Amino acid sequence: MQPLIDHARAHGQRPEKFARLAEGQSPQVLFITCSDSRVVPALITGARPGELFELRTAGNIVPPYASAHPTSEAATIEYAVEVLGVGDVVVCGHSHCGAVGALVRGDDLTAVPAVRDWLAHAAPEPRAADADDPAVADAVQNHVLAQLLRLRSYPCVEQRLSAGRLRLHGWYYEVHTGAVHEHRTATDTFEAL
């Protein structure tokens, strides 16, 4: 913890560097990814403060839209699309994902009921064929596509897509190589950026 504290102390030593951030934010991209500590959106994209609006959830799950019982995730998506007016949304899954791996292997999650219930939002079930692949690459990529489909059901997203004011992107990040692959609809494959 001490190196993190030391960095935090040094970080605030040049307030003039951050003064413009007090004027507001206007990110162009909503980046939805996993809470996994190995996935760092600004590191992956090279984004500076104010350039990405981030939503991090266990397993980069986009829960079903429900106006009667809104979730933090739905509020974040709606705010990014309606208030900030982002033009792009990236759903980024990653190799060696513990959440998707647990689903693929059928892990017993009774000891972590909140995790178990959250992962119930991952639809559809990832392929069990990936159970022997520690990267669970195919399952994660299919999971990303399922989350993009789910995202399309959000009213604000659907409206902006119909108006041509929003683009959706599916990414797969390899934690062991640093490579990023994007889903190409023309070939229905994930290809290197």
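Attention in this report is confined to the structure presented alongside it.

**Let's talk about the nonpolar core**
Soluble globular proteins: nonpolar side chains tend toward being buried together.
Inference 1: Grouped together as the largest cluster of nonpolar side chains are 40 residues, with contacts concentrated most on Leu 30, Ile 32, Ile 77, Leu 151 and Val 157.
Inference 2: When residues of this core are assigned to their parent elements, the largest contribution, six residues, is made by helix α6 (residues 137-152).
Inference 3: Residues Val 29, Phe 31, Leu 52 and Trp 171 belong to the second largest nonpolar core, which totals 10 residues.

**Things to note about the pairing of strand β4 (residues 167-173)**
Inference 1: Counting buried positions along β4 yields six of seven residues, so the element is predominantly enclosed.
Inference 2: Strand direction decides the pairing type here: strand β3 (residues 88-94) and β4, joined by seven bridges, are parallel. Each residue of the ladder has a partner; that of Asp 88, found in β4, is Arg 167.
Inference 3: Pairing geometry for β4 and strand β5 (residues 180-184), over three bridges, is antiparallel. Residue pairing in the sheet places Tyr 172 in a bridge with His 181 of β5.

**Section: the sheet that holds strand β2 (residues 52-57)**
Inference 1: What the six strands build is an open sheet, ordered β2-β1-β3-β4-β5-β6; its pairing is mixed. A strand with exactly one partner marks an edge of an open sheet, and here the two such strands are β2 and β6 (189-192). On average, adjacent strands in this sheet sit at an angle of 30° to one another, irrespective of strand direction.
Inference 2: One ladder, built from four bridges, connects β5 with β6; its direction is antiparallel. Within β6, the position partnered with Arg 184 by the bridge is Thr 189.
Inference 3: The strands touched by helix α3 (residues 72-83) within the sheet are β1 (29-34) and β2, with β2 carrying the most contacts at an inclination of about 165°.

Rules used in this analysis
Residues numbered from 1 in each chain as written. Predicted model: local features only at pLDDT ≥ 70, side-chain atom pairs only at ≥ 80, totals over all residues. Heavy atoms only, no water. Core = buried A, V, L, I, M, F, W, Y, C linked by side-chain atoms within 4.5 Å. Buried < 20%, exposed > 50% of the residue type's maximum accessible area, 1.4 Å probe, protein only. Helix = DSSP H or I, 4+ residues; strand = E, 2+ residues; numbered from the N terminus. Pairing = 2+ DSSP bridges. Axes fitted to C-alpha atoms, helices over the stretch in contact; angles between N-to-C directions. Contact = heavy atoms within 4.5 Å.

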